[in-house]
Amino acid sequence: MIDWTELHPGVWRARVGASSSFTPLDLVGATPREDGLAELRGAPFPFAGPSPSVIGVTECCTALRFPLAPEERIYGFGLHFNRLNHRGNVMRLQVDHYGGRDDGRSHASMPFYVSSDGYAVLLNTARVATAHIGTSVRKDDPDRPPSRDRNTDREWDALPPADAVEMAVPAGGVEAFVFAGPTALDAVRRYNLFCGGGVLPPRWALGFWHRVPTLYTDEQIDAEVAEFEARGYPLQVVGLEPGWHSKAYPCTYEWDASRFPEPGAFVDRMTDKGIRVNLWENAYVSPDAPIHDALEPLSGSHMVWGGIVPDYTLPEARGILAGQHRREHADIGVSGYKLDECDGHDHWLWPAHATFPSGHTGEEMRQTYGLQLQTLTDGVFRDAGQRTFGLTRASYTGASSLPYALYSDYYDHRAFVTALCNCGFSGLLWSPEIRSAGDAEEWARRMQTVCFSPVAMLNAWASGTKPWSYPEIEDAIREVMRLRIRLIPYLYTAFARYHFDGTPPFRSTVLEEGDVSDRSDQYMMGDSLLVAPLFRGETEREVEFPTGSWYDFYTGEHAGDGGAHTVSAPLERIPLFVRDGGLIPMAQDDGDGLDIRYYGTAPHASYRYYMDDGETYAYERGEYAWATLEATGDANDFTATVVAPPSGQADDLRGAVWHMMTSGG
Ligand code: GAL
């Protein structure tokens, strides 16, 4: 038996054996959002029947067993690319470059899962855990499946089902948590709130990102930005790839004087156009970096590409990198980083037996290095009172509140959508970046997914592609990029919900009421919008609507009720559907005000709209407000009301126009 203590309503903790003091939750400084947790419905300890148990604790292995009901489906475990329900899978949950198989090695693989029965389980460990998800049949289990004769029995199964998730950690103890539902979405919300609430990105981060070819100079970037403007494509963030460093792989973190003779002036030019600058980096420090010698005694035993590997669990090492980043980047207006290569293949990263001055093992450092870099670089901007947002190639347990989205060198459109769905279970964000395409059709379909994802980004570091690279569809691409920008008010509120009540802004429809389909090719963006991307070669597809009536986003027409439907869309459009009674606040096409769309026939709709300054941390001190948007009536005669809070923050509600999208509604 395990001795559980309820720490917050619906959150239980147990310590088994001698658990380590170095944990990912401590590393990220997870501070539970008590207010949000208190607002969730109460729920009992989820294991009403058989209880979780300790299989064994030795000096080098702690194994726990969590019972499963026969029909239970198991989601989560971080970022994975090929399936949602992991039941029947065995995963070694190692933070690593993704190798094409959901065997546990991935950029953000973590011992956290969510059950379709409405609860979640977490092991708070920096070690590589193993999960046997309904696959390990025990001799002492009275309900174990019968032995069968493969010679004659067609029912013989190479993977006879087991009635538990067994997780093992190679350590003498572990800290475990259980999060109650009652629904799976509630359990995810509890986990996110326990980790400090989801991230609230600066508003600009929800715009369009373009990463330029690696060796571009400041003048080439000026020209590229001018072309975006001239052609009418939105652009909010320019990403610089390795060539901005005087040396990269390993890095100096210093501007290359030949390509960027005046970095401050360059960043100012971008800022004047409303464009932020994001800098690529990896964590391996070049002998030519001015901070190298100070970091050298604070680094691990092994090198990566001839660079030292600083131990960023040490405050002194963090201070050195943070100081340099502040002086050379943040102080001149850079907005954030792309933290590359902090995952890594065994053949180039430091080995698990590497040693570090803090005493943490090479394995612990590999599991948490992405978290270390995220918290360190976030701190640089936090100190200056400015929110940052960036990209990371590695993340782990507890990352919900960190301002980073994951990406990969892997490049499969369908797998990217599955990854987007999977991240929503585990407090992670995913960027299904577009780089190149085989033809105009693929370019359109990928760009549509990109524009309906956490980070809408073209990563042209190697390809040099532009949004207009396929002239035959350049108008459609411009349109979908603009639609993304128009949806920022809706999206920003969805992120505010992530922060204040833990609801993931992008999530699988499996978390919605009535969807038992396990479809990995459709997802929710916010509470009302269902996104069903089309892929190259498709003009129609099946979509599974959760319970209720759903309406076409573009026309407002009824698209179907809960269950499976075939839908189609021309190449120019990504299929989008709105829940009955959905209110979608969008920016007006040609103005500053809001265009509030009301879908469906529900006689009454209500929506809480979030407002703050969009850039600083003032919201953490209470400087934010929620307005209530309400609509009642039908298409011919409806009453729209905005209940604005009595603060000066309701400016964007002035001049709002309303559209009843569904005729007869
Ligand atoms: C890769 C990264 C790419 C790009 C490239 C630059 O590791 O995944 O997105 O940044 O490095 O060299």
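In this text, all values refer to a predicted model and were calculated from it rather than measured experimentally.

Calculation criteria
- One numbering rule holds for all chains: residues counted from 1, following each sequence as written.
- The predicted nature of this model means local features are confined to residues of pLDDT at least 70 and side-chain atom pairs, given and counted, to a pLDDT of 80 or more, with totals for whole chains, interfaces and linings taken over all residues.
- Just so you know, side-chain values use all the structure's heavy atoms and leave hydrogens and water out.
- Helix and strand definitions follow DSSP, with helices as H or I runs of at least four residues and strands as E runs of at least two, each counted in order from the N terminus.
- As a reference, a globule follows 2.2 Å times the number of residues to the power 0.38, and the radius of gyration itself is taken over C-alpha atoms.
- For every residue, the accessible area (1.4 Å probe, protein chains only) is compared with the maximum for its type, and the residue is labelled buried under 20%, exposed over 50%, or partly exposed between those bounds.
- Residue contacts are defined here by distance: any two heavy atoms, one from each residue, within 4.5 Å place the two residues in contact.
- The protein chains shown are the only cover counted for residues, whose accessible areas, like all others here, come from Shrake-Rupley with a 1.4 Å probe.
- In this tally Asp and Glu are treated as negative and Lys and Arg as positive; neither His nor the chain ends contributes.
- Here the site of a charge means NZ on Lys, CZ on Arg, CG on Asp, or CD on Glu.
- Strand pairing is assigned whenever DSSP identifies at least 2 bridges connecting the two strands.
- Each axis is a line fitted through C-alpha atoms, taken for helices only over the stretch in contact, and angles between the N-to-C directions span 0 to 180 degrees.
- We define a salt bridge as a contact between a side-chain nitrogen of Lys or Arg and a carboxyl oxygen of Asp or Glu at a distance within 4 Å.
- Throughout, the term roughly parallel applies to angles under 35 degrees, roughly antiparallel to angles over 145, roughly perpendicular to angles from 65 to 115, and oblique to all others.
- For this scheme, ten residues count as nonpolar: Ala, Val, Leu, Ile, Met, Phe, Trp, Tyr, Cys and Pro. Four count as charged, namely Asp, Glu, Lys and Arg, and the remainder, Gly too, count as polar.
- Working definition: residue near molecule or strand if any one of its non-hydrogen atoms lies within 4 Å of it.
- We call two N or O atoms a polar contact when they sit within 3.5 Å, provided that within protein one can donate a hydrogen and the other can accept it, with sequence-adjacent residues counted only if both atoms are side-chain atoms.
- An automatic or database domain assignment supplies the residue ranges for each domain.
- Accessible area, probed at 1.4 Å, shrinks when two parts are joined; the buried area is that loss added up over both.
- Pairs of cysteine sulfur atoms within 2.5 Å are what we label disulfides.

**Student:** So what's going on with the overall build of the chain? Residues and values would help.
**Tutor:** When helices and strands are counted, the chain shows twelve helices and 32 strands. On C-alpha atoms alone, the chain measures out to a radius of gyration of 25 Å, which is about the 26 Å that the 2.2 N^0.38 rule sets for 665 residues. Dimensions of the chain along its principal axes, counting C-alpha atoms only, are 70 × 65 × 55 Å. Across the 665 residues of the chain, 61% fall into the buried class. Pairs at least 24 residues apart make up 71% of the contacts formed inside the chain by residues separated by at least 6 positions. Carbon and sulfur atoms provide 47% of the accessible area of the chain, an area that totals close to 23,800 Å². Put simply, the chain has 56 plus and 92 minus side-chain charges, and the middle of one group is 3 Å from the middle of the other.

**Student:** Run through the sheet that holds strand S13 (residues 237-240), naming residues and quoting values.
**Tutor:** Pairing between the strands of a sheet is mediated by backbone hydrogen bonds and can be parallel or antiparallel. As summarised here, the arrangement of the seven strands in space is S19-S18-S17-S14-S13-S12-S20, forming an open sheet in which the pairing is parallel. Two strands lie at the open edges of the sheet, namely strand S19 (404-406) and strand S20 (456-459), each paired on one side alone. Within this sheet the neighbouring strands show an average axis-to-axis angle of 25 degrees, counted without direction. Inspection of the sheet shows strand S12 (residues 208-211) paired to S13 by three bridges, in the parallel sense. Counterpart to His-210 in the pairing with S13 is Val-238. The strands touched by helix H10 (residues 440-451) are S12 and S20; relative to S20, the strand with the most contacts, the crossing angle is about 135 degrees.

**Student:** Pulling in residues and values, what's your account of the pattern of salt bridges?
**Tutor:** For the structure on display, the rule yields 54 salt bridges. Note that Asp-613 is salt-bridged to Arg-387, the shortest N-O span being 3.6 Å. Of the two residues, Asp-613 sits in the loop between strand S29 (604-611) and strand S30 (625-634) while Arg-387 sits in the loop between helix H8 (362-383) and strand S18 (390-392), which places them 226 residues apart along the sequence. Take Asp-613: its relative accessible area is 41%, and that puts it in the partly exposed class. We note a salt bridge from Glu-542 to Arg-519, for which the minimum N-O separation is 3.4 Å. Taken together, the positions of Glu-542 in strand S24 (residues 540-552) and Arg-519 in the loop between strand S21 (506-508) and strand S22 (523-525) put the pair 23 residues apart, joining distant regions of the chain. Residue classification places Glu-542 among the partly exposed positions, given a relative accessible area of 38%.

**Student:** Talk me through the sheet that holds strand S7 (residues 109-115); I want residue IDs and the actual numbers.
**Tutor:** In space, the six strands of this open sheet follow the order S1-S2-S11-S8-S7-S5, with antiparallel pairing throughout. The open sheet has two free edges, formed respectively by strand S1 (5-8) and strand S5 (74-78), since each of these has just one partner strand. Strand-to-strand twist of the sheet, defined as the mean angle between neighbouring strand axes without regard to direction, takes the value 25 degrees. As paired elements, strand S2 (residues 11-17) and strand S11 (residues 173-180) share seven bridges and run antiparallel to each other. Its bridge partner lying in S11, Arg-15 is registered against Glu-175. The strands touched by helix H3 (residues 184-194) are S1, S2, S7, strand S8 (119-123) and S11; relative to S11, the strand with the most contacts, the crossing angle is about 130 degrees.

**Student:** If you had to explain the packing of helix H11 (residues 474-486) against helix H12 (residues 488-501) to someone new, which residues and values would you point to?
**Tutor:** Relative orientation of the contacting elements H11 and H12 amounts to 50 degrees, with a least axis distance of 5 Å. As the angle between them shows, H11 and H12 are arranged oblique. Each of Arg-484, Ile-485 and Arg-486 in H11 lies in contact with H12, whose residues at this interface are Ile-488, Pro-489 and Leu-491. Its residues assigned to classes, the contact of H11 with H12 comprises four nonpolar, no polar and two charged.

**Student:** I'd like a rundown of the site of the ligand, residues and numbers included.
**Tutor:** In the region of the ligand, the neighbouring residues are Glu-241, Pro-242, Tyr-249, Trp-280, Lys-338, Asp-340, Glu-341, Arg-393, Tyr-407, Asp-409, Asn-459 and Trp-461. Asp-340 is positioned with one of its side-chain polar atoms (N or O) 2.8 Å from an oxygen atom of the ligand. A distance of 2.8 Å is found between an oxygen atom of the ligand and a side-chain nitrogen or oxygen belonging to Arg-393. A total of 310 Å² of accessible area belongs to the ligand in isolation, and the protein chains cover 94% of it. Here the residues of the shell around the ligand are counted per class, giving five nonpolar, one polar and six charged.

**Student:** Kindly report on H3, identifying the contributing residues and their values.
**Tutor:** Along H3, eleven of the eleven residues are buried, which leaves the element largely enclosed by surrounding structure. Among the residues of H3, those classed as buried are Ala-184, Leu-185, Asp-186, Ala-187, Val-188, Arg-189, Arg-190, Tyr-191, Asn-192, Leu-193 and Phe-194. Just past H3, the residue Gly-196 takes up positive phi, approximately 110 degrees.

**Student:** Tell me about the domain arrangement of the chain, and name the residues and values.
**Tutor:** The domain boundaries assigned to the chain delineate domain 1 (5-194) and domain 2 (209-494). Here the C-alpha centroids of domain 1 and domain 2 sit 31 Å apart. Each partner contributes residues to the interface: domain 1 has 41 residues there, and domain 2 has 41 residues. For the pair domain 1 and domain 2, the summed buried surface comes to about 3,400 Å²; carbon and sulfur atoms form 61% of the total. The largest per-residue losses of area from domain 1 upon contact with domain 2 belong to Phe-22, Phe-81 and His-97, which jointly make up 19% of the total buried on that side. Asp-346 serves as the salt-bridge partner of Arg-105, at 3.2 Å between the closest nitrogen and oxygen. The interface formed by domain 1 and domain 2 contains 18 residue pairs in polar contact (both at pLDDT 80 or more). Counting residues per element, the ones that place at least two in the side of domain 1 that touches domain 2 are helix H1 (24-28), S5, S7 and H3. Take the side of domain 1 that touches domain 2: its biggest share by element is five residues, from S7. The class makeup of the residues in the side of domain 1 that touches domain 2 is 24 nonpolar, 13 polar and four charged.

**Student:** Which residues make up the state of the cysteines, and what values do they have?
**Tutor:** A complete count under the given rule lists zero disulfides for this structure. A disulfide-free cysteine, Cys-451 has its sulfur positioned 17 Å from the sulfur of Cys-421, the nearest such atom. For Cys-451, a relative accessible area of 1% gives the class buried.

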